[in-house]
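Here is how the chains run, residue by residue.
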Amino acid sequence: MGRRRRLLVNPAAEAGAGALPKAIAALSRSLPAGPSPEIFRRAKFDRPEAAPALWQLLFRFLSPRSIGGASASLGLEAQACLVKSALRSQGYPRQVLAQLPEDGSRGSRELLLALSWLLARGPVLERLLAQAHVQLGDEMPVCECEAVASTGPPAPHMEAEGPVDIRCVQWLMGRLRFRWRCLTASQQEQCALLSKIHLYTRGCHSDQRLGHLSVAETEMLRDPEGGRQLLRRLEHENAGLEAALQWRRGELVFWRWMDTVLGACPPEAPAAAAQPAFLPRIPERGPGQGELVARELRALQEELCEATERRRAAWEARVGGQGRGPQWSSARQALQKAVDQELAALQWAWEQDRGPARPHGPHRLVRREDEAPGGQDLQAAEVIRVLRSKEACLEAVLRQLQGQCRQELARLAGALPGLIWILPPRR
Amino acid sequence: MSIVTVQLGQCGNQIGFEVFDTLFSDSHSSQGLCSKRENEAYQASCKERFFSEEENGVPIARAVLVDMEPKVINQTLSKAAQSGRWKYGQHAYFCQKQGSGNNWAYGYSVHGPRHEESIMNLIQKEVEKCDSLSGFFIIMSMAGGTGSGIGAFVTQNLQDHYAHSLKMNQIIWPYGTGEVIVQNYNSILTLSHLYRSSDALLVHENDAVHKICAKLMNIKQISFSDINQVLAHQLGSVFQPVYSAEGSFHYRRNPLGDLMENLVPHPEFKMLGVRNIPQMSENSLAYSTFTWAGLLKHLRQMLISNAKMEEGIDWQVRPPISGLPPLGKMPLNKELHFNTSIANLAILRGKDVQSADLEGFKDPALYTSWLEPVDAFNVWKTQRAFSKYEKSASLVSNSQFLVKPLDMIVGKAWNMFASKAYLHQYTKFGIEEEDFLDSFTLLEQVVASYYNL
């Protein structure tokens, strides 16, 4: 593992003796629930007592946002296990970490290396700070990027022990559906209440562009203690942001220090370096399975080729000499035109979707009477329109798939003579 | 979260009144056996769910009254207004000037579409008054004519317009010895339509409630009002506020959603029944004491032996011995003594409720093989006593309890259908033989599914 950071900062700038402790201290302050600088120092010398804190920090880095609240309930072993699998799925090259015991008894130097690998790869710090951001307004996401990005480590693969009664599966599906409906009802309630608050606090906000208060701001006015807590959280966030800036200014010293940490490690076994990164999507059941799957795929491909050939031959036979001649050319031209039009519409829709002004991330909800759109502002009607068109597309796909299922069921029902199929009632 | 109630027909309106009255009286009762603060939280939760605010302080029931005749609606409205404690919305009702024959098909195919807009507008107005809508109660009889037909139509409409909201139909199962000759046709048509558009069917059997009035409450001349009050008591004991979790002191926000998620997620198994213990007249109540152990033991046996009340329970019925293979497909004519449950929800209210031991309900032998007791059994509790009962327990269960009555009704209806008796009353208004056949198919499927647990 070589140094992955390019030198962006003037090396002569922070060359003083106190620069390293300052950098590490800044890093520690900018991390939410970050470990103390002492932990970093101990980790360089691979002291066991530094391991648990680093496991927990890595867990914070790697777990999806949704687990955040429940992370307290996960034991250290569970956290360590998740960290290992997440690092593997991101392609972390060092095998020593995968072999560390999960009880947090040792391995702090390896964990420190993993930590800096993550810091070097991407804006982890900024992401964590964004997640911990104190929201003053009523925020609503307008895209699904965050939901997709925060899928986190893959869930452990579970095998069913023996046949499962389908009624149990239907039961569970039904429970999910009910929960989803209750969630919808709760969201509608939230919207109704937000609307009320925005309406009632018109004219209360000092910022003219906003005009009304958000829930957090209203609470702040209503409950002074809550206001003080909010202030404390904002101050805490500010401190974190300042620390992050300080870290960015002085981080070069840290990277040089990390080189020494890497140097202090024993050399890795050569065979391990050749192992490719673990791909999480394909479940590995054993070496023989891959061959079996490949063979089956090839056989399937051959079958499909044969089937298409047969179909094509049959169609040709049926159509025969048709499709040529004067009365067909106009029909064919019309068809061509229709297809071109549809293609153009699809491309246009696609371009619209991929347009530069695609909104991202959470936006603050502001209720306004006037129609004048500000430069940065996003109109709810526009967002709704985009979502509705997406919904229509998805529904069309769903209907198509359902139609295919129905055809398949009808085919199956017809194939077994003397058997009566009673399909579930459908209005 | 609020529930909007649609009261349909004579049956639905009379019962609906008793339900709101019971809910209101209980929430304002002084014998809650709990602190003032707790009582206020209970009241507020009940109020948000079933009543809306009014300027002069009299709560308005979240309800829409529908009937083709004005008589019962007028009675209901005035009874509520006279009490002075709560009332119905001034314009929250729909009725016609004159009744229109006791005909299911007429109700479904003519009245329903004709008055669809007016009725849905009334419901929409009620929905808009809610800050958040949990779902709908639809109270109606199953075997009635016009009222049941309209009820089936309205439920279908609710499914179309409020697809995400939950719908629970409170169905009154007719007396076994009913007077209307076509009541079995009406029953199967109602049930099959509701099965398609409703989420849960909470069945109240007239026979069972009648027996409760006679044996337990010692009422000599049983009137519909008595029966409706017992029914309202059962319903209230289920839907009044309960704590959201073991050890929590916050009330559940969406009991309807939680109940449905626990009891009726499977589309083939939607029939629910309620058992409530103890039930007795107010005079006897003053002289009785109860223990949780005793109450729960009786309740469990009531469930297993399919008894509807705590008197005359068959204590011989036992769960099948575990270790034997689970009962496979049983022939339809086999006598069912043991009532297998799919899922149960126990609701305990009153003193020392934390000490109640419910292990008996977690026995896997009580349940079907494809659901573990941990998923199949749930408990809700609150310390606040219900309706002057120091301790009371209710059980809402999804079990085989209705299989035999349903099978009987389907059988009788089929016999009539096979000889084409009285069909012209239905085909005249657009309910064709095809529709009957669809209904029979669906209900046979339901019966088979429940038998084969």
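A short tour of the structure in this document, coming up. (Residues numbered from 1 in each chain as written. Chains lettered and ligands numbered in written order. Predicted model: local features only at pLDDT ≥ 70, side-chain atom pairs only at ≥ 80, totals over all residues. Heavy atoms only, no water.)

With that settled, the discussion passes to the overall build of chain B. When helices and strands are tallied, chain B shows 15 helices and 12 strands. For chain B, whose C-alpha radius of gyration is 21 Å, the value lies close to the compact-globule estimate of 22 Å for 453 residues. In terms of overall dimensions, chain B has a C-alpha envelope of 65 × 60 × 45 Å along the principal axes. In chain B, buried positions account for 60% of the 453 residues. If you take every contact in chain B between residues at least 6 apart in sequence, the share linking residues at least 24 apart comes to 81%. As displayed, chain B has an accessible area near 18,100 Å², and 51% of this comes from carbon and sulfur atoms. In chain B, which carries 39 positive and 45 negative side-chain charges, the distance between the mean positions of the two groups comes to 4 Å. (Helix = DSSP H or I, 4+ residues; strand = E, 2+ residues; numbered from the N terminus. Rg over C-alpha atoms; globule rule 2.2 N^0.38 Å. Buried < 20%, exposed > 50% of the residue type's maximum accessible area, 1.4 Å probe, protein only. Contact = heavy atoms within 4.5 Å. Areas by Shrake-Rupley, 256 points an atom, 1.4 Å probe, with all protein chains shown as cover. Lys, Arg positive; Asp, Glu negative; His and termini not counted. Charge placed at Lys NZ, Arg CZ, Asp CG, Glu CD.)

Residues and elements named next belong to chain B. Across all of its chains, the model carries 30 aromatic pairs over all chains by this definition. Ring geometry for tyrosine 106 versus phenylalanine 429: centroids 4.9 Å apart, planes at 75°, classification edge-to-face. One end of the pair, tyrosine 106, is in helix H4 (residues 104–129); the other, phenylalanine 429, is in the loop between helix H14 (424–427) and helix H15 (433–451), and 323 residues separate them in sequence. The ring of phenylalanine 386 carries arginine 349 above its face, with NZ or CZ at 5.8 Å from the centroid. (Phe/Tyr/Trp six-rings, centres within 6.5 Å; stacked < 30°, edge-to-face > 60°. Lys NZ or Arg CZ within 6 Å of the ring centre and 35° of its normal.)

With 22 residues of chain A at the interface, the matching set in chain B holds 35 residues. At the junction of chain A with chain B, the criterion picks out five salt bridges. Arginine 175 of chain A is paired through a salt bridge with glutamate 261 of chain B; the nearest N and O atoms lie 2.9 Å apart. Remark: the boundary between chain A and chain B carries 10 residue pairs in polar contact (both at pLDDT 80 or more). Across the side of chain A that touches chain B, the residue classes break down as 10 nonpolar, four polar and eight charged. (Salt bridge = Lys/Arg side-chain N within 4 Å of Asp/Glu carboxyl O. Polar contact = N/O pair within 3.5 Å; in protein donor to acceptor, adjacent residues only side chain to side chain. Nonpolar A, V, L, I, M, F, W, Y, C, P; charged D, E, K, R; others polar.)

Looking now at the environment of threonine 382 of chain B. Residues and elements named next belong to chain B. Assignment of secondary structure puts threonine 382 in strand S11 (residues 377–382). The class of threonine 382 is buried, set by a relative accessible area of 0%. Distance in space between the C-alpha atoms of threonine 382 and lysine 36 is 15 Å, their sequence separation being 346 residues. Not counting chain neighbours up to four residues away, the residues in contact with threonine 382 comprise Glu38, Pro241, Val242, Tyr243, Tyr251, Leu348, Arg349, Gly350 and Val353.

Bringing the sheet that holds strand S9 (residues 271–277) of chain B into the picture now. All names here are of chain B. If you trace the 10 strands from one edge of the open sheet to the other, you get S5-S4-S1-S6-S7-S8-S9-S12-S10-S11, paired in mixed fashion. With one partner strand each, in any of the chains shown, strand S5 (93–95) and S11 form the two edges of the open sheet. On average, each strand axis in the sheet is inclined to that of its neighbour by 20°, with strand direction left out of account. As judged from the three bridges shared by strand S8 (residues 200–205) and S9, these two strands associate in the parallel manner. If you follow leucine 201 over to S9, its bridge partner there is methionine 271. (Pairing = 2+ DSSP bridges. Axes fitted to C-alpha atoms, helices over the stretch in contact; angles between N-to-C directions.)

Here the focus is the nonpolar core. Of all hydrophobic cores here, the largest spans 139 residues; its most connected members are Tyr88, Ile123, Met168 and Phe436 of chain B. Excluding residues within four positions of it along the chain, isoleucine 123 of chain B makes contact with Val6, Val64, Phe136, Val154, Leu158 and Tyr162 of chain B. Counting 44 residues, the second-largest nonpolar core is a separate cluster that includes Leu62, Leu112, Leu113 and Met258 of chain A. (Core = buried A, V, L, I, M, F, W, Y, C linked by side-chain atoms within 4.5 Å.)

Residue and element names in this part refer to chain B. Burial analysis of strand S6 (residues 133–141) places nine of its nine residues in the buried class, the great majority of the element. In this sheet, S6 lies alongside strand S1 (residues 2–8) in parallel orientation, the contact comprising six bridges. The residue of S6 that forms the bridge with isoleucine 3 is glycine 135. Inspection of the sheet shows S6 paired to strand S7 (residues 166–173) by seven bridges, in the parallel sense. Its bridge partner being in S7, isoleucine 138 is matched across the sheet by asparagine 169.

All names here are of chain B. Taking 1.5 Å as the rise per residue, helix H5 (residues 146–161) with 16 residues should run 22 Å; its terminal C-alpha atoms sit 22 Å apart, in good agreement. Among the residues of H5, Thr146, Ser148, Gly149, Ile150, Gly151, Ala152, Phe153, Val154, Thr155, Gln156, Asn157 and Leu158 are the ones counted as buried. Against S1, H4, S6, S7 and helix H6 (183–197) lie the buried residues of H5. (Expected span 1.5 Å × (residues − 1).)

Glancing now at the packing of helix H13 (residues 403–418) of chain B against H15 of chain B. Residues and elements named next belong to chain B. Two numbers describe how H13 lies on H15: the axes approach to 10 Å, and their chain directions differ by 150°. The orientation of H13 with respect to H15, classified from their angle, is roughly antiparallel. For the pair H13 and H15, the sense of crossing is left-handed. Where H13 approaches H15, its residues Val403, Lys404, Leu406, Asp407, Val410, Ala413, Trp414 and Phe417 are matched on the opposing element by Glu433, Phe436, Leu437, Phe440, Leu443, Glu444, Val446, Val447, Tyr450 and Tyr451. Partitioned by chemical class, the residues of the contact of H13 with H15 number 14 nonpolar, no polar and four charged. (Parallel < 35°, antiparallel > 145°, perpendicular 65-115°, else oblique. Left-handed = near helix turned anticlockwise from the far one by under 90°.)

Nothing here speaks to function; it is geometry throughout.
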